[in-house]
Each structure stands twice: as C-alpha cells, then as structure tokens.
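Working through the structure, step by step
Letter by letter, the chains look like this.
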Amino acid sequence: MSLLETIFRQILNGLQSGSIYALVALGYSMVYGIITLLNFAHGDIIMVGAYLAWLAMARLALNPIFAVLVAVLGCTILGMAIEKVAYKPLRGSPRISLLITAIGVSYFLENAAQMIFGASSQSIPAIIKLRAITLGGVQIPGTALVTLLTAGASMAVLTILVNHTRMGRAMRAVSEDTGAAQLMGVNISTTISFTFALGSALAGIGSVLYSCAYPQANPTMGAMLGLKAFVAAVLGGIGSLPGAMVGGFAIGLAEAFVSAVGLSAWKDGVVFAILIVVLLVRPTGLLGKPMHEKV
Amino acid sequence: MNRLVPLPSRSLIPERDLDKLPILETRHLGIDFGGLNAVDDFTIAVGRTEICGLIGPNGAGKTTIFNLLTNVYRPTRGTILVDGYDTLGMSTHQVNKLGVARTFQNIRLFRDMTVEENVLVGLHNSMKYGVAESLFRFPSYWKQEKRAREKALELLSLFDMQDMASFQAGSLPYGAQRRLEMVRALATEPGILLLDEPAAGMNPSETAELMQNIKKVRDTFNIAVMLIEHDMSLVMGICEGIAVLNYGKIIAKGTPDEIKSNQAVIEAYLGRQEEGT
C-alpha cells in the first residue's frame, strides 16, 4: 500500500468514526443548549440501541431494516421517557442535582442491561451487507460509505428541522431565553421533550452505525463512546449544532491519525488531552459563543 | 369619550367598553415574598380597547404585577380573570394563548435569531403542522410557513421594519429592538398587551413616536394596552385610566387629570409637604 493510500484509508476511518461521534455529540449539545444539562446518560442510550438491534436480528430474526427501525424508535422513546421520569421533576432545581441524576440514570441503564443481557458481549449480525466499492484504486468498505451517507443525511435533516420549522424555532428560542419563549406562547415541556426525542433518535442512528463498525453489544459500551462524543461537543462549542458536527469529525480524525502513526494505545488519551487543551485555551469551543451570565 | 365608569368591583373602565366583558380583571390579587407583602389587594378591570397605565415609585411592585398577570409568579391571594377565564393553575404559555402578551423592561429578544424569526416564534401557536409534515415537506407545511412569513412581514411593516426582516435581532439599534419586542408580542394575537417601561432610555422625540405607535397598535388590533412607565408625559398623554401603586397597594385610580391632582399620589412621589417645616 502506498503512503497516499494509507493516508486516504485513515481519513476514511476517521470520518466514519467521526460521523458517529458527531451524531452523538449533537444530542449532547442540543440537550445542553435547552436545559443546560450534561446528559451523561446519552452514551448509554447508544448501548440500549445496540442491544435492541441485536434483539431484533439475533433473537427475533427480523430483517435488518426492521432492526434499524426498532433501534431508532426504541432510543427515541427511551430518551423521552428518561426526560419525563428523571429530569422533568427536577426542573427549577440546581444544575448539580440534574447532573447527578444524569449520572445515576447512566449507571441505572448500564446495570439494568447487565442484569438482563449479562455482562459478556453479544455479537450483532451484520446489518449492512454491501460490497466495498473501488474509487480511484482505493477500496471503500460498504459500511464506511453507508455510515457517512446516513450521518450526512441525518445532519442535513436536523439542520432543516432546527432552522426552518416551528418546533426548531421554539427550540432555539427556549435555549436562548426560556422565560421569554414561554411568554410568547411556546410550551416548554413539549419543546424539551421534542429536543430529547431528536437527540435520542440521532443516538439511535449512531448506535446502528456503530454496530456496523463494531458488531458487539455490551453493557458498558456506551460509556467511552458517550465520553468521546462529549469531548467532541465541548471541542465544537457545547450548545452549538454545527460545532458538534465539526467536533465529532475532528475527534474521529484525530483518533485515526494517532492510530496511523502507530500509537493506537494512546488513542483515548489523545481525545482527553484535546478536552484539557480546549478547556484551557478556548473553553467556549471552536464555534461556541462567549458565555454571558443570564440575569 | 374619556369618561371612566366604575364597575361593581370598584374598578374603572372607559364608557365605550362598558357593554363588553373586561379583557383583564383582578380581584384582591396579592403575593408575599417571605414576610413581605410585595403586592396586596390589587383590584382592577381593563376595558377591551383601553390604554391604561400602572405607575408608582421604584419598588412599588409594578413588574411583580406583570409577572403575576402572566403566571410567571403564582399569586398568594386573589383572582385573575383573562377574558373571563380564571388563570389559576395555568402555565405561562397557556395564559399567553388566552390573550396576554408582554414586553420586558430589559429587552429580551432572541438576539441570535433574525428579526423575522423572532416574530415567527410569536406566531408559534398560529401554525399547526407536525414534525412529519415538515420532515416530508407536505403542502400544509409550505402553506403554513408561507402564511406565517407573510403575517410576520405584515406585522413588521406596522412599524416600518419589514426591510430589517433578515437582520440579526441583537444587531438592531435600541429603538428598533423595543419596537421588535412589541411586534413579537403582537404576533401572539393578544387581547391585552403589557408594556414594561416601553419608553426607558428614549429621548423626547422617540417617546412621542412611541406614543403614536401605542395608539396605532390599539386602533389597528382593537386590543387593550397596559403599560408601566416612569415618563409622565407618555402616561398622561395616552393613558385613559391610571392606577398608582405604592408599597404594593393601589393608592389611587382614575383619569390622568384626577391622578395629577390626587393628594396621596403627590405625597407618594414627592413626600409629605409638612416634613421639615
């Protein structure tokens, strides 16, 4: 393999995992934007999505398309349910209470999964059966192609929803000034619920794409993925949707290049080093706005 | 025309609105913060097309009353009727749907959104399409979005702001921001518009323009306007009825002329004459 080919290969790898990070980071960013909560249970929703895909395909022998639907719908409903049960009663409480609750929900999901499915990994049958295509002498694996296209399409749909629909405008209004939005007739509960649904649906899509790349489900798989997506959201500027996309791809590419130079053992370390550097140098992230205290 | 008539609740409304239900009525409204009676025994009625003023020294409880009327605060005592409906237990957005819209003392626009988008947020409840309709871009989505855009421009043109539609709200000059807040509130199709110090920070010519605008709003939409204001030229110039508040209690109610000559009001603003003599 020539050097150029290797570089191209690694860029492709980086974009593939980066697009998954971006999808998950979007959920972090949207929820943070609207209720200033770091929803640490968000990564575990992906784990549940992976188990749902496994259940649908390995146990119920459903068609992969139905498995994808089950995973995405299941994640959406789970996300909304978590908001209703765990976060809604705490509206108006100090932010730290919400944060601790989110960590609690995360542990709950991990342990519930361990209780139900056991601690060992379950292998997920191949969801996408697509032959690699050759582009200019370089092979592009089918999963990489589908992952990039799906993630790109999801982000495009999200951007349209947020910028050009009444619920999207309500979301942006609530994230900028909850009180004023409410006084203009925006129903806060519906808007927050909608935000969680959107974020969790993206996590569901992310979980399917992740399961294509790493076809295994285990109870703690969401923890590291969630943390890295969180770093991506912070890198891009938490609360900013374009930021989450940029951050996701940046983290994915950074990981790929660290592996490419033969330091794969340092992969995770580099991601968290990025977090430290961002927090030191530019705490608002690449595309985040300077913080201003709400009066 | 400017005659105020007492209602059974000892409130005053203009004669022309007499045969209609008041758009807003409060009975013995009160709220305590800790041991402090921030507002007590606040009883008023506002006619459907009345422009009325709420004045009083700083800290008298005026903004607190706006927060009570919009259910941002929950009253400790008393009743609020909007268009005849008791708003007890409703959430803020429901009270808005019932017909109460407001602006803020310190402007609270959605600064990162465009001028048009700010108005579209106000039109939130006049659009009904769901997520699926917007995702798959059904005709009903396009139709409603288009109608809302037209409506937004129409509302903006009321204050000659249609050319600013695509500007970022936060980048507008101060006066335009104040006008945009009014347009955004009007987009929610209120029966009564609450203006919290609309003339704050304005020079006399801007205040005169604001007075014209407030009258224009009332005459165009046939709605009531209630305003908190310290600028007496504005209050005395356009308000038909005025309530004066001091330490959370109404100390006088009446027409501008009655208020000007009211002894209790003069004392509240200037202190008692005898002191120091």
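Note that the coordinates shown come from a computational prediction; the quantities given were computed from them, not determined experimentally.

**A short note on the overall build of chain B**
Helix and strand counts for chain B come out as 10 helices and 12 strands. For 277 residues, the compact-globule formula gives about 19 Å, and the C-alpha radius of gyration of chain B, at 20 Å, lands near that figure. Reported as C-alpha extents along the three principal axes, the dimensions of chain B are approximately 75 × 40 × 40 Å. Contacts spanning at least 24 positions in sequence make up 67% of the contacts within chain B whose residues lie at least 6 apart. As displayed, chain B has an accessible area near 12,500 Å², and 52% of this comes from carbon and sulfur atoms. The positive charge centre, built from 30 side chains, and the negative charge centre, built from 34, are 5 Å apart in chain B.

**Some words on the overall build of chain A**
Along its length, chain A carries 11 helices and 4 strands. The globule rule puts the C-alpha radius of gyration for 295 residues at 19 Å, and the 19 Å found for chain A is close to it. Across its three principal directions, the C-alpha atoms of chain A cover 60 × 45 × 35 Å. Considering only intrachain contacts with a sequence separation of at least 6, the fraction spanning at least 24 residues in chain A is 76%. Carbon and sulfur atoms form 70% of the exposed surface of chain A, whose accessible area is close to 13,000 Å². If you average the places of the 16 positive and of the 9 negative side-chain charges in chain A, the two averages end up 8 Å apart.

**Thoughts on helix H3 (residues 64-87) of chain A**
All names here are of chain A. Over its 24 residues, H3 extends 33 Å from the first C-alpha to the last, a length consistent with the 34 Å expected when each residue adds 1.5 Å. Every buried residue belonging to H3 is among Ala67, Ala71, Val72, Cys75, Thr76, Gly79, Ile82, Glu83, Ala86 and Tyr87, and all of these are buried. Close packing links the buried residues of H3 with helix H2 (42-59), helix H4 (95-117) and helix H8 (188-213). The backbone nitrogen of Ile65 lies 2.9 Å from a side-chain oxygen of the residue at the head of H3, namely Asn63.

**Quick look at the interface of chain A and chain B**
Between chain A and chain B, the contact holds 25 residues from the first and 31 residues from the second. Contact between chain A and chain B buries roughly 2,500 Å² in total, counting both sides, with carbon and sulfur atoms accounting for 59%. Of all residues in chain A, the largest losses of buried area upon contact with chain B belong to Arg166, Leu183 and Met184 of chain A, amounting jointly to 32% of the total for that side. Where chain A packs against chain B, one counts 3 salt bridges.

**Looking at the pairing of strand S11 (residues 241-246) of chain B**
Regular strands have side chains that alternate between both faces of the sheet. Residues and elements named next belong to chain B. The element S11 is largely enclosed, with a buried count of 6 among its 6 residues. The alternating pattern of S11 places Gly241, Ala243 and Leu245 and Ile242, Val244 and Asn246 on opposite faces, both of which are buried. Pairing geometry for strand S5 (residues 51-55) and S11, over 4 bridges, is parallel. Bridge pairing links Ile55 to Val244 in S11. Sheet topology note: the S11/strand S12 (residues 249-254) ladder contains 5 bridges and is antiparallel. By the bridge assignment for S12, Leu245 is matched with Ile250. Remark: 2 residues form the turn of the hairpin made by S11 and S12, two consecutive strands paired antiparallel; Tyr247 in that turn has positive phi of roughly 50°.

**Considerations on unusual backbone geometry**
Trans peptide bonds make up the majority, and among non-glycine residues the majority have a negative phi. Residue and element names in this part refer to chain B. With a phi angle near 55°, Asp83 is a residue other than glycine that sits in the positive phi range. Tracing the backbone shows Asp83 in the loop between strand S6 (77-82) and strand S7 (85-86). Asp83 gets classed as partly exposed once you look at its relative accessible area, which sits at 26%. Despite not being glycine, Glu189 shows a phi value in the positive range, around 55°. Within the secondary structure, Glu189 sits in the loop between helix H6 (174-187) and strand S9 (192-196).

**Here's the deal with the confidence of the model for chain B**
With 94% of its residues at a pLDDT of 70 or more, chain B shows a mean pLDDT of 89. The ipTM value of the predicted complex is 0.88, and its pTM value is 0.90.

**Description of the nonpolar core**
In terms of nonpolar packing, the biggest core is built from 83 residues, with Leu26, Leu37, Tyr87 and Leu158 of chain A touching the most fellow members. Ranked by residues supplied to this core, first place goes to helix H1 (residues 3-35) of chain A with 12 residues. Beyond its immediate stretch of four places on either side in the chain, Tyr87 of chain A contacts Leu37, Asn39, Ala41, Ile82, Leu98, Thr101, Ala102, Val105 and Phe196 of chain A. In this structure, Leu155, Leu180, Ala185 and Met211 of chain B belong to the second largest nonpolar core, which totals 48 residues.

**Thoughts on the side chain of Arg218 of chain B**
Structurally, the position occupied by Arg218 of chain B is in helix H7 (residues 204-221). By relative accessible area, which is 11% here, Arg218 of chain B ends up buried.

**Description of the pattern of salt bridges**
Evaluated as defined, the whole model comprises 23 salt bridges over all chains. Here Glu83 of chain A makes a salt bridge to Arg91 of chain A, at a shortest N to O gap of 3.0 Å. Classification of Glu83 of chain A as buried rests on a relative accessible area of 1%. Under the relative-accessibility criterion, Arg91 of chain A is labelled partly exposed at 35%. Between Glu116 of chain B and Arg149 of chain B there is a salt bridge, with the nearest N and O atoms lying 3.4 Å from each other.

**Some remarks on a nonpolar patch on the surface**
Residues and elements named next belong to chain A. On the surface, Leu60, Leu62, Ile65, Phe66, Leu69 and Val70 cluster together to form a nonpolar patch covering roughly 570 Å² of accessible area. Locating Val70 in the fold gives a position in helix H3. For Val70, a relative accessible area of 33% puts it in the partly exposed group.

**Brief notes about the pairing of strand S4 (residues 36-46) of chain B**
All names here are of chain B. Among the 11 residues that make up S4, 8 are buried, leaving the element largely enclosed by the rest of the structure. As paired strands, strand S3 (residues 24-33) and S4 are joined by 7 bridges and run antiparallel to one another. Bridge pairing links Glu25 to Ala45 in S4. Between S3 and S4, which pair antiparallel in sequence order, lie 2 residues; one of them, Gly34, sits at a positive phi of approximately 65°.

**Looking at the packing of H2 of chain A against H3 of chain A**
Residue and element names in this part refer to chain A. In the contact formed by H2 and H3, the axes pass within 8 Å of each other and the chain directions differ by 145°. The two elements H2 and H3 cross, and the hand of that crossing is right-handed. Facing Ile45, Val48, Gly49, Leu52, Ala53, Ala56 and Met57 of H2, the residues of H3 in contact are Pro64, Ala67, Val70, Ala71, Gly74, Cys75, Leu78, Gly79 and Ile82.

Conventions used here
- Residues numbered from 1 in each chain as written.
- Chains lettered and ligands numbered in written order.
- Predicted model: local features only at pLDDT ≥ 70, side-chain atom pairs only at ≥ 80, totals over all residues.
- Heavy atoms only, no water.
- Helix = DSSP H or I, 4+ residues; strand = E, 2+ residues; numbered from the N terminus.
- Rg over C-alpha atoms; globule rule 2.2 N^0.38 Å.
- Contact = heavy atoms within 4.5 Å.
- Areas by Shrake-Rupley, 256 points an atom, 1.4 Å probe, with all protein chains shown as cover.
- Lys, Arg positive; Asp, Glu negative; His and termini not counted.
- Charge placed at Lys NZ, Arg CZ, Asp CG, Glu CD.
- Expected span 1.5 Å × (residues − 1).
- Buried < 20%, exposed > 50% of the residue type's maximum accessible area, 1.4 Å probe, protein only.
- Polar contact = N/O pair within 3.5 Å; in protein donor to acceptor, adjacent residues only side chain to side chain.
- Buried area = accessible area lost by both parts, 1.4 Å probe.
- Salt bridge = Lys/Arg side-chain N within 4 Å of Asp/Glu carboxyl O.
- Pairing = 2+ DSSP bridges.
- pLDDT = per-residue confidence, 0-100.
- Core = buried A, V, L, I, M, F, W, Y, C linked by side-chain atoms within 4.5 Å.
- Patch = residues over 30% accessible without salt bridge, like charges linked within 9 Å, V, L, I, M, F, W, Y side chains within 5 Å.
- Axes fitted to C-alpha atoms, helices over the stretch in contact; angles between N-to-C directions.
- Left-handed = near helix turned anticlockwise from the far one by under 90°.

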